[in-house]
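What follows is the residue order along each chain.
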Amino acid sequence: MINKMSEELNIPVDSLSDTIEQSRSFVKRIKINKKSGGERIVYQPARKIKVIQYWLMRTIFSKITIHSASMAYRKEGSIKENALKHSNGGYFLKLDFKDFFPSIKFSDLNKSIIAFRKNNNAIFKYTKADQELIRRVCFYKNDKLPIGYPSSPIISNIVMYKFDIRVTDEMPKFRKYGNVVYTRYADDMIFSTDRKGGCEKIFSFLSVLINSWSTPSLLLNEAKTRFVSSSGGTAIVTGLRICYDGHITLHRHYKDIVRLLLSLYKKGNLKEEDVYVLKGHLSYIQNVDSVFYTKICKKYFDIIDEIKTK
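These numbers were taken from a predicted model, which means no experiment stands behind them.

Trainee: Please provide a residue-by-residue account of the side chain of Ser156, values included.
Mentor: Here Ser156 shows up in helix H7 (residues 152-159). What Ser156 contacts, discounting residues up to four positions off in sequence, is Tyr73, Phe100, Phe101, Ile104 and Leu145.

Below is the structure:
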């Protein structure tokens, strides 16, 4: 693997070997405040480590099967697509894994890659040296998957493949509760049904399954478990509102924030750093809620066009 990497990246083997050997020394620890309180540690690898990670993502990880229920970190999935999957649901179960990335270890990925190669005629080489390379470059202390590495998201999807299969295979058992849909957006699991009572039964099954699951060792964040119905008119799925008629839109509070930022920009009162934040919001809105985007464009066409050029 390292010889192929050296050839494709045009980096001498000796230089690559030294970088890989010392890879965990070239990492910054960044503390970020959580909205719910406390801090999250994000790990930022040096550029030369990222180059190797991106090569691994393109050459190895992208060839490994990811389950269709996994909606994050892939071309076929998005927050909007995830919400659309549940647009016909009336009852929802929303769960969250605790410390999702750090709960995944190199041994979990290693087992997944070996199993994939066994079932797919070894479509790429995977020697002991290759395993050591991936362990050093893509994992951090105690061989845990770090938050912040470019390679961590796709690794999490690879490792969760068997779990997603198991959950999906079990869903037909709950058909008496109507059409049951399961998706996973990173550490968020969403289940929806169109009949009452199904979500409670699914939760009982999942509690047993997760407690017995060992690769990776998963733990539910019970404080974030939610049973929700759309009887009040709407339900929230990965930050988007599913309305009673099935269409997807943004939360009203989020819309108000964007309108306020646009108004401040128009009056010349928006801080320079917040202009780029607003630009990101506009791009997001254009992708997930074209109706709202059209509405604000009608009112703020000139300034939106100006913001886009910044």
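That covers the picture; the talk isn't over yet.
Trainee: Mind laying out the nonpolar core, listing which residues take part and the relevant values?
Mentor: In terms of nonpolar packing, the biggest core is built from 54 residues, with Leu56, Phe61, Ile134, Phe163, Phe191 and Leu206 touching the most fellow members. When residues in this core are grouped by element, the largest group, 6 residues, is from helix H9 (residues 198-212). The next biggest cluster of nonpolar side chains, apart from the first, holds 23 residues, and it includes Leu250, Ile285, Ile296 and Ile307.

Trainee: Quick rundown of the pattern of salt bridges? Include the residues and the values.
Mentor: Two side chains that carry opposite charge are able to pair once their charged atoms sit near each other. This structure, assessed with the given rule, holds 10 salt bridges. Among the ionic pairs, Glu132 bridges to Arg136, the shortest N-O distance being 2.9 Å. A residue pair is termed a helical-turn pair when its members lie 3 or 4 positions apart in one helix, as Glu132 and Arg136 do in helix H6 (residues 128-138) at 4 residues. The exposure class of Glu132 is partly exposed, given its relative accessible area of 29%. Overall, the relative accessible area of 24% leaves Arg136 in the partly exposed class. Here Asp256 makes a salt bridge to Arg259, at a shortest N to O gap of 3.2 Å. Of this pair, Asp256 and Arg259 both sit in helix H10 (residues 252-266), 3 residues apart, which is roughly one turn of that helix. Judged by relative accessible area, which is 40%, Asp256 ranks as partly exposed. The class of Arg259 is partly exposed, set by a relative accessible area of 35%. Salt bridges sharing common partners tie together Glu21, Arg24, Glu132, Arg135, Arg136 and Asp143.

Trainee: Summarise unusual backbone geometry; cite the residues concerned and give the values.
Mentor: For the bond from Thr215 to Pro216, the omega torsion is 0°, close enough to zero to count as cis. Residues other than glycine seldom take positive phi values, yet Asn10 does so here, at roughly 55°. Relative to the helices and strands, Asn10 is located in the loop between helix H1 (2-9) and helix H2 (13-21). The residue Ala186 is not glycine, and still its phi comes out positive at about 60°. In this fold, Ala186 is placed in the loop between strand E4 (181-185) and strand E5 (188-193). Residue Ala186 is classed as buried on the basis of its relative accessible area, which comes to 7%.

Trainee: Just give me the short version of H9, but keep the residues and values in it.
Mentor: For H9, with 15 residues, the first-to-last C-alpha span of 22 Å sits near the 21 Å given by 1.5 Å per residue. For H9, the full list of buried residues reads Gly198, Cys199, Ile202, Phe205, Leu206, Ser207, Leu209 and Ile210. Close packing links the buried residues of H9 with strand E3 (91-96), helix H8 (161-170), E5 and strand E6 (226-229).

Trainee: Quick one: what's the story with the sheet that holds E3, residue by residue and with numbers?
Mentor: Pairing between the strands of a sheet is mediated by backbone hydrogen bonds and can be parallel or antiparallel. One open sheet accounts for 4 strands, arranged E4-E5-E3-E6; its pairing is antiparallel. The sheet is open, and its two edges are formed by E4 and E6, each paired on a single side. On average, each strand axis in the sheet is tilted by 20° relative to the strand beside it, whichever way the strands run. In the sheet, E3 pairs with E5 via 6 bridges, with the strands oriented antiparallel. When the bridges of E5 are listed, Lys94 appears paired with Ile190. Each of E3, E5 and E6 is contacted by H9, which is oriented at about 20° to E3, the strand it contacts most.

Thresholds applied
- Residues numbered from 1 in each chain as written.
- Predicted model: local features only at pLDDT ≥ 70, side-chain atom pairs only at ≥ 80, totals over all residues.
- Heavy atoms only, no water.
- Helix = DSSP H or I, 4+ residues; strand = E, 2+ residues; numbered from the N terminus.
- Contact = heavy atoms within 4.5 Å.
- Core = buried A, V, L, I, M, F, W, Y, C linked by side-chain atoms within 4.5 Å.
- Buried < 20%, exposed > 50% of the residue type's maximum accessible area, 1.4 Å probe, protein only.
- Salt bridge = Lys/Arg side-chain N within 4 Å of Asp/Glu carboxyl O.
- Expected span 1.5 Å × (residues − 1).
- Pairing = 2+ DSSP bridges.
- Axes fitted to C-alpha atoms, helices over the stretch in contact; angles between N-to-C directions.

In short, shape yes, function no, at least from these values alone.
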